[in-house]
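# Per-entry structural report
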Amino acid sequence: MDFIAPTADQILAMRVNAGIDKLAATERFAAATPDVVDAIAEGIGAFAAGEWAPLNRVGDTQGAKCSDGRVSLPDGFATAYRAFVEQGWGSIAGPEAFGGQGLPFTLATCVLETLGAANMAFTLLPILTVGAVEAILHHGSAEQQALYLPRLLSGAWAGTMNLTEPQAGSDVGALRTTATPIETGDHAGKYRIAGTKIFITWGEHDLADNIVHLVLARTPGAPEGSRGISLFIVPKFHVAADGSIGARNDLRVVSIEHKLGIHASPTCVMSFGDNDACIGELVGAENAGLKAMFTMMNSARINVGSQGVQIAERALQQARAYARDRVQSPRAGSGDKAPVPIIEHPDVRRMILKMRALTEGARALLYYTSGQVDRGTLGDAAAQMRAEVLVPMLKAWATDVGCEVTSLGIQVHGGMGFIEDTGAAQHYRDARIAPIYEGTNGIQAADLVTRKLGYEGGGVVQALLADVIAEMDDVPEVAALAKDAAAVAAWMASGDATLDDKLAGSVPFTTMCAVAVTGWQLARQARAGDDPAKLAVTKFFNRTVVPEARGLGAAAMAGAALLYDIDSEALTR
């Protein structure tokens, strides 16, 4: 099946949900004119379809390989990545001072969404580079920015995030990697890095000229826990002051993981300092790594939420093509006993409609979030705070959508969906990682109820839900869900809910909020034009998806005691 970028729906989402025309009315983003927006959306669609989509299946079947400390990719990946670099797709939202195009984050979101729908595993490479750019841009020195940012933005160099360690998992504060100051010699002022990191996405490869590893480590005497972590730039090859590449640094890939999906993305175990000669340079101040880490992870969480949209779009395209072409059985109740395409059967039509409603809804939420990020960049503090509370909703719900839509895609195929040859199973396998990495969806929900629900005494979340309610007076299903979510938020913010109660209800509450905001944004799309298909999809979302989310209210307020009616020994016996 040929991949076709969802360009029209992306442009609609950028205009209606992100408000890109209003962004273009500002001096900062004046270059984002309608013709530029259209050209980028159409251009990346053609590039993704021609260069990256054909590699999706071969990437899954052949995968990345590790041998003798080298990682190799299937044929075609190096050529496609060179084309990505040459055409400047990685520089869309980068600062012009460092070779970027200075366009809104919303347009960069469109680029990554399209690339990821064409090839999710491959697109993790530029996604990780974006995180490295954000960390150095916001926390690096002027010298570090001048040296690293132009090469990362161009894609000539790639970036990674090195957080997780075998003993630490999601508890970053438990990391043991060390960074020892160097006081004399050629590397005076830098640090010797030593330790092991796991789950490092695209940690080693030969597609870029250099790999800029951002590594969390502890300096001597650092405080325990997360307060004592620092961030370091650790390049694969040493870099001279003029940007020229020198000898290889003392770091290596130990192995790559054998995973359920995203086989073309090398997930590496990385060892730093086997010979006590791994050199890194501090980003920001010592013990200030946590702040820089959150900068990286906030960017990554938006882009992982986008991955939910990406893989849902790919599964939807394949399922609807199959449903249109597969002929089987007459339609029930029809006088004509000739077999019909399965899209004519009610349950198959239900599944396709749900896949489409969830995919388009998650896309609307993605671009609404991106638009708020852009407004935050322009100095709108309220928009920045709103983006902060939207991020966990987007990351958690959109990645859950990816899993549900890819599962439905297999179901539409029937038994053929369970056979690897059709390709439907790959989407299901690829999707499953997204609710896990960059903070599991449970961590996203915990972040929402323990930190972000407290912003302005609960006012940021309540203002978001109040906006939904105010604008949805003619969409009673969405308004009612937003009111339910507001009631749960008020209960969680009151003294009646313990911390355990909040955490016990955090996942259903996050889903309620995400679906309410999504229903609002879909309604905006439906009002913006007279597309009968969009109206039908929005109605289906309101009548089927929204009621499911309203049903989560009881679980959100059930409290934690219910979870501990059985002790741990009996529960795990």
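Right above here is the structure, for reference.
So, how was this worked out
- Residues numbered from 1 in each chain as written.
- Predicted model: local features only at pLDDT ≥ 70, side-chain atom pairs only at ≥ 80, totals over all residues.
- Heavy atoms only, no water.
- Helix = DSSP H or I, 4+ residues; strand = E, 2+ residues; numbered from the N terminus.
- Buried < 20%, exposed > 50% of the residue type's maximum accessible area, 1.4 Å probe, protein only.
- Contact = heavy atoms within 4.5 Å.
- Areas by Shrake-Rupley, 256 points an atom, 1.4 Å probe, with all protein chains shown as cover.
- Lys, Arg positive; Asp, Glu negative; His and termini not counted.
- Charge placed at Lys NZ, Arg CZ, Asp CG, Glu CD.
- Core = buried A, V, L, I, M, F, W, Y, C linked by side-chain atoms within 4.5 Å.
- Salt bridge = Lys/Arg side-chain N within 4 Å of Asp/Glu carboxyl O.
- Pairing = 2+ DSSP bridges.
- Phe/Tyr/Trp six-rings, centres within 6.5 Å; stacked < 30°, edge-to-face > 60°.
- Lys NZ or Arg CZ within 6 Å of the ring centre and 35° of its normal.
- Axes fitted to C-alpha atoms, helices over the stretch in contact; angles between N-to-C directions.
- Parallel < 35°, antiparallel > 145°, perpendicular 65-115°, else oblique.
- Polar contact = N/O pair within 3.5 Å; in protein donor to acceptor, adjacent residues only side chain to side chain.

Moving on to the overall build of the protein chain. On a plain count of helices and strands, the protein chain comes out with 19 helices and 12 strands. When burial is assessed residue by residue, the protein chain has 57% of its 573 residues classed as buried. Summarising the internal contacts of the protein chain: among those between residues at least 6 apart in sequence, 73% fall at separations of at least 24. When the accessible surface of the protein chain is split by element, carbon and sulfur atoms take 54% of a total near 22600 Å². Counting 47 positive and 63 negative side-chain charges, the protein chain places the centres of these two groups 4 Å from one another.

A few words on the nonpolar core. Phe 122 and Phe 509 are the most contacted members of the largest nonpolar core, which totals 175 residues. In this structure, Phe 509 is in contact with Leu 448, Val 449, Leu 453, Ala 485, Val 488, Ala 489, Met 492 and Ala 556, ignoring residues within four places of it in sequence.

This structure, assessed with the given rule, holds 29 salt bridges. Between Arg 15 and Asp 38 there is a salt bridge whose closest N-O contact spans 3.0 Å. Linking Arg 15 in helix H1 (residues 7–16) with Asp 38 in helix H3 (residues 34–52), this pair joins segments that are 23 residues apart in sequence. Using a relative accessible area of 26% as the deciding quantity, one classes Arg 15 as partly exposed.

The next point concerns the pairing of strand E12 (residues 279–283). With 5 of 5 residues buried, E12 lies mostly within the body of the structure. Strand direction decides the pairing type here: strand E5 (residues 191–201) and E12, joined by 2 bridges, are antiparallel. Looking across to E12, one finds that Arg 192 is bridged to Ile 279. Relative to E12, strand E7 (residues 230–235) runs antiparallel, the two being bridged by 3 bridges. When the bridges of E12 are listed, Ile 233 appears paired with Glu 281.

With respect to the helices, strands and loops of the structure, Gly 553 is situated in helix H18 (residues 553–556). Put simply, Gly 553 and Met 512 are 41 residues apart on the chain and 7.7 Å apart in space, counted from C-alpha to C-alpha.

This paragraph deals with the packing of aromatic side chains. Within the structure shown, the criterion is met by 11 aromatic pairs. Over the face of the ring belonging to Trp 157 we find Arg 151, whose NZ or CZ atom lies 5.4 Å from the ring centre. The positively charged end of Arg 451 is found above the aromatic ring belonging to Phe 294, 5.6 Å away from the centroid.

Backbone geometry places Ile 262, a non-glycine residue, at a positive phi of 40°. As for its position among the elements, Ile 262 is in the loop between strand E10 (251–256) and strand E11 (267–272). Ile 262 gets classed as buried once you look at its relative accessible area, which sits at 4%.

Residue placement: Gly 371 occurs in helix H10 (residues 346–377). The class of Gly 371 is buried, set by a relative accessible area of 0%. As for Gly 371 and Phe 29, which are separated by 342 residues in sequence, their C-alpha atoms are 12 Å apart. Discounting chain neighbours no more than four positions away, the residues touching Gly 371 are Ala 18 and Thr 106.

All right, on to the pairing of strand E3 (residues 157–162) then. Across the 6 residues that make up E3, a large majority, 6, are buried. Every second residue of E3 is oriented toward a common face, with Trp 157, Gly 159 and Met 161 on one face and Ala 158, Thr 160 and Asn 162 on the other, all of them buried. As paired elements, E3 and strand E6 (residues 210–217) share 6 bridges and run parallel to each other. Paired with Asn 162 across the bridge in E6 is Val 215.

All right, on to the packing of H1 against helix H16 (residues 499–528) then. In the contact formed by H1 and H16, the axes pass within 10 Å of each other and the chain directions differ by 105°. Classified by the interaxial angle, the pair formed by H1 and H16 is roughly perpendicular. Contacts between H1 and H16 involve Asp 9, Leu 12, Ala 13 and Val 16 from the former and Arg 524, Gln 525 and Ala 528 from the latter.

What follows is about the side chain of Asn 249. Topologically, Asn 249 is positioned in the loop between strand E9 (245–248) and E10. Polar contacts involving the side chain of Asn 249 include one to the main-chain carbonyl oxygen of Ile 279, which spans 2.9 Å. Apart from the residues lying within four places of it in its own chain, the contact partners of Asn 249 are Val 234, Pro 235, Lys 236, Phe 237, His 238, Ala 277, Cys 278 and Ile 279.

By themselves these figures say nothing about function.
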